[in-house]
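# Observations on the three-dimensional arrangement
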Amino acid sequence: MILLSSCVSGLNKMQKDELISYKSRGLKVEEKKEGLAAGLGILPGVGSFYTGNVGYGIINLLSWPLSIFWEPISGYNGAQQVNYHATKASVSKKRKKSMRDLDRRFEDNKISQKKYLLQKREIEDEYSAF
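Residues numbered from 1 in each chain as written. Predicted model: local features only at pLDDT ≥ 70, side-chain atom pairs only at ≥ 80, totals over all residues. Heavy atoms only, no water.

Right, let's talk about the overall build of the protein for a bit. In terms of helices and strands, the protein carries six helices and zero strands. In sequence order, the secondary structure elements of the protein are arranged as α-α-α-α-α-α. Relative to the compact-globule value of 14 Å for 130 residues, the protein shows a C-alpha radius of gyration of 20 Å, a clear excess of over 25%. Considering only contacts in the protein between residues 6 or more positions apart, those separated by 24 or more positions represent 69%. Of the roughly 8,100 Å² that the protein leaves accessible, carbon and sulfur atoms contribute 60%. If you average the places of the 21 positive and of the 14 negative side-chain charges in the protein, the two averages end up 2 Å apart. (Helix = DSSP H or I, 4+ residues; strand = E, 2+ residues; numbered from the N terminus. Rg over C-alpha atoms; globule rule 2.2 N^0.38 Å. Contact = heavy atoms within 4.5 Å. Areas by Shrake-Rupley, 256 points an atom, 1.4 Å probe, with all protein chains shown as cover. Lys, Arg positive; Asp, Glu negative; His and termini not counted. Charge placed at Lys NZ, Arg CZ, Asp CG, Glu CD.)

Laid out in C-alpha cells, this is it:
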C-alpha cells in the first residue's frame, strides 16, 4: 500500500531553480498555494484532491490514517508541479507575444535591424529561466 501511495514526485533541482528564478523576476504563476496544499494534506486525501491528483487522493483517503505521514508532502509537491507548469506556459506565451510584436514592428520598418536584434536579445533574457 505504501508503494502505491508514494508521494507525488516533487520538482527536480533544475525545475526548482527555474521556478525560483521566475519568482524572483515576478513571472511565477501560483495557481495552487503550496502551504495550503500541505496543510490540507493533514485531512485524508484532500491535499492531493486540491492539486488535481485525484488518483493519489483516493489512495491516500483509503490508506488513512497512515497517509497522514506523506499526504502533506504529496500535496505540497503537487502544488509545486501545478505552479511550475503554469509558470512555464505563461512565460512561453508572454515570450511569443513579445517576439510577435517585435517582429511586426521590424516588418513595418518601425525599428532598425540593430534595434531589432538588441530588443530580441532583451526579450530572450527576460523570459529565459537563467
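A few words now on the confidence of the model for the protein. With 94% of its residues at a pLDDT of at least 70, the protein reaches an overall mean of 87. Here helix H4 (residues 54-62) stands out as the least confident element of the protein, with mean pLDDT 80; helix H6 (residues 113-127) is the most confident, with 95. Here residues 1-6 is modelled with pLDDT under 50, and outside its nearest four sequence neighbours on either side it reaches nine contacts, counting other chains as well. (pLDDT = per-residue confidence, 0-100.)

At a minimum axis separation of 10 Å, helix H1 (residues 13-24) and helix H5 (residues 71-107) run at an interaxial angle of 60°. Considering their axes alone, H1 and H5 lie oblique with respect to each other. As H1 packs across H5, the resulting crossing turns out to be left-handed. Every residue of H5 that contacts H1 at Gln15, Lys16, Glu18, Leu19 and Tyr22 is listed here: Gln80, Asn83, Tyr84, Thr87, Lys88 and Val91. (Axes fitted to C-alpha atoms, helices over the stretch in contact; angles between N-to-C directions. Parallel < 35°, antiparallel > 145°, perpendicular 65-115°, else oblique. Left-handed = near helix turned anticlockwise from the far one by under 90°.)

Enumeration according to the criterion identifies one aromatic pair in this entry. Stacked on the ring of Tyr50, the Lys or Arg Lys32 has its end atom at 4.7 Å from the ring centre. (Phe/Tyr/Trp six-rings, centres within 6.5 Å; stacked < 30°, edge-to-face > 60°. Lys NZ or Arg CZ within 6 Å of the ring centre and 35° of its normal.)

Turning our attention to unusual backbone geometry. Of the consecutive residues Trp64 and Pro65, the connecting peptide bond is found in the cis state with omega at 15°. Checked against the element boundaries, Pro65 lands in the loop between H4 and H5. The backbone of Asn109 shows a phi angle near 60°, a positive value even though the residue is not glycine. Within the fold, Asn109 resides in the loop between H5 and H6. Residue classification places Asn109 among the exposed residues on the basis of a relative accessible area of 70%. (Buried < 20%, exposed > 50% of the residue type's maximum accessible area, 1.4 Å probe, protein only.)

Glancing now at the pattern of salt bridges. If charged atoms from side chains of opposite charge come close, those side chains can pair. Under the definition given, this model contains six salt bridges. With a closest N to O distance of 3.4 Å, Glu34 and Lys28 form a salt bridge. For Glu34, a relative accessible area of 12% corresponds to the buried category. (Salt bridge = Lys/Arg side-chain N within 4 Å of Asp/Glu carboxyl O.)

Let's shift gears to H1. Here H1 is twelve residues long and its end C-alpha atoms lie 16 Å apart, about the 16 Å a rise of 1.5 Å per residue gives. Of the residues making up H1, those classed as buried are Glu18, Leu19, Ser21 and Tyr22. When H1 is viewed along its axis, its buried side chains cluster within an angular range of 160° and face the same direction. Within H1, the exposed residues directed more than 90 degrees away from the buried face are Lys13, Ile20, Lys23 and Ser24. (Expected span 1.5 Å × (residues − 1). Arc of directions from axis to C-beta.)

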